[in-house]
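What follows is the residue order along each chain.
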Amino acid sequence: MQLFLRPTRQLAASSAWYRTVPSVITSTSSFTRCAVRPPMGRSSGRCYAGEASTISGLSAEDRFEIVELCHRFDHAINRMDQAATGPMFASSASLITPKGPVEGRDAIVAFFTSVAPLAKGNRHLTVDIVVDPAKMVSGLPSARAASYRLLITAVAPTSLVASGTIDDEFIKENGTWKFVSRKFVMDAPSPDAIASQSK
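I will try to describe carefully the structure that is included in this document. These numbers were taken from a predicted model, which means no experiment stands behind them.

About the thresholds
- Residues numbered from 1 in each chain as written.
- Predicted model: local features only at pLDDT ≥ 70, side-chain atom pairs only at ≥ 80, totals over all residues.
- Heavy atoms only, no water.
- Helix = DSSP H or I, 4+ residues; strand = E, 2+ residues; numbered from the N terminus.
- Expected span 1.5 Å × (residues − 1).
- Buried < 20%, exposed > 50% of the residue type's maximum accessible area, 1.4 Å probe, protein only.
- Pairing = 2+ DSSP bridges.
- Salt bridge = Lys/Arg side-chain N within 4 Å of Asp/Glu carboxyl O.
- Core = buried A, V, L, I, M, F, W, Y, C linked by side-chain atoms within 4.5 Å.
- Contact = heavy atoms within 4.5 Å.
- Polar contact = N/O pair within 3.5 Å; in protein donor to acceptor, adjacent residues only side chain to side chain.
- Phe/Tyr/Trp six-rings, centres within 6.5 Å; stacked < 30°, edge-to-face > 60°.

Side note on helix H1 (residues 60–78)
A turn of α-helix holds 3.6 residues, and therefore any two residues three or four places apart point the same way.
So, step 1. Over its 19 residues, H1 runs 27 Å from end to end, which matches the ideal 27 Å to within 8%, given 1.5 Å per residue.
So, step 2. Where H1 is concerned, the buried positions are Asp-62, Ile-66, Leu-69, Cys-70, Phe-73, Asp-74, Ala-76 and Ile-77.
So, step 3. A positive backbone phi angle near 60 degrees is found at Met-80, which sits one or two residues after H1.

This is how it looks when you write it as structure tokens:
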């Protein structure tokens, strides 16, 4: 295993908002980094000053597999094959939906099966997926992702039924990326949509 020593660098506050502390980078791309808190509105993906965190390095292949996992989930739901989502989740995975939380892989599959009639005739799309490294979980590589959720009708011309966001967390078990947490937050309907539903 190759080891590389990252030197200490301190940059003037006027030229940069972070500093790196001495750390050892292994060939697995896991590293420890500490940074001062970034300016408001800027996300760094690093731990803040005074914290030390082991972060999972992500290769281009890892990122591709994570995005592919999100899309395969949508394909399973759109094909009405809810059982196919089971292997995509870790055994202890959790799901947060507008209907409430669901704990455990088997319960998650049962939930998607129970709401399958609501999915019929629609297509679920996950777009603008952004993947970031995360703290390792029980020694396993991990990651998180943020994306947008679109639900459209499966007839032409299509129309938007609902929209929202998804916050995902993943772990890599036995070389395979799996969901360990999925949080669905749907956008509030417009006043016009509420009015039309009440008629």
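Quick word on the pairing of strand E10 (residues 160–173)
So, step 1. Pairing of strand E9 (residues 142–153) with E10, which is carried by 11 bridges, proceeds in the antiparallel orientation. In the strand pairing of E10, Tyr-148 is matched with Thr-165.
So, step 2. Hairpin connection of E9 to E10: six residues between the antiparallel strands.
So, step 3. Sheet topology places E10 next to strand E11 (residues 176–186); 10 bridges connect them, and they run antiparallel. Within the sheet, the bridge partner assigned to Gly-164 lies in E11 and is Met-186.
So, step 4. Hairpin geometry of E10 and E11 is characterised by an intervening segment of two residues between the two adjacent antiparallel strands and by a positive phi of about 50 degrees at Asn-174.

Re the pattern of salt bridges
So, step 1. A full pass over the atoms with the stated rule returns six salt bridges.
So, step 2. The closest approach of N and O atoms between Arg-79 and Asp-81, which form a salt bridge, is 3.9 Å.
So, step 3. Between Arg-182 and Asp-168 there is a salt bridge; the shortest N-O distance is 2.6 Å. Of this pair, Arg-182 sits in strand E11 while Asp-168 sits in strand E10, placing them 14 residues apart in sequence. Just as Arg-182 is buried, Asp-168 falls in that class too.

Concerning the nonpolar core
Nonpolar side chains in soluble globular proteins generally cluster together in the buried interior.
So, step 1. In terms of nonpolar packing, the biggest core is built from 26 residues, with Phe-73, Phe-89, Phe-112, Phe-170 and Phe-179 touching the most fellow members.
So, step 2. At the level of secondary structure, the elements contributing two or more residues to this core comprise H1, strand E6 (89–97), helix H2 (105–114), strand E8 (122–133), E9, E10 and E11.
So, step 3. Per element, the largest residue contribution to this core is six residues, and it comes from H1.
So, step 4. With sequence-adjacent residues up to four places away left out, Phe-89 is seen in contact with Phe-73, Arg-105, Ile-108, Phe-112, Lys-178, Phe-179 and Arg-182.

A short note on the side chain of Asn-122
So, step 1. Tracing the sequence through the fold places Asn-122 in strand E8.
So, step 2. Polar side-chain contacts of Asn-122 include one of 3.4 Å to the backbone oxygen of Leu-118.
So, step 3. Beyond its immediate stretch of four places on either side in the chain, Asn-122 contacts Asn-78, Leu-151, Ile-152, Thr-153, Ala-154 and Val-161.

Side note on the packing of aromatic side chains
So, step 1. Counting across every chain of the model gives six aromatic pairs.
So, step 2. Judged by centre distance (6.2 Å) and plane angle (75 degrees), the rings of Phe-73 and Phe-89 are edge-to-face. Note that Phe-73 is positioned in helix H1 and Phe-89 in strand E6, a separation of 16 residues in sequence. Neither Phe-73 nor Phe-89 differs from the other in exposure class; each is buried.
So, step 3. Consider the rings of Phe-111 and Phe-112, whose centres lie 5.5 Å apart with planes at 65 degrees: the pair is edge-to-face. Of the two residues examined, Phe-111 and Phe-112, each falls in the buried class.

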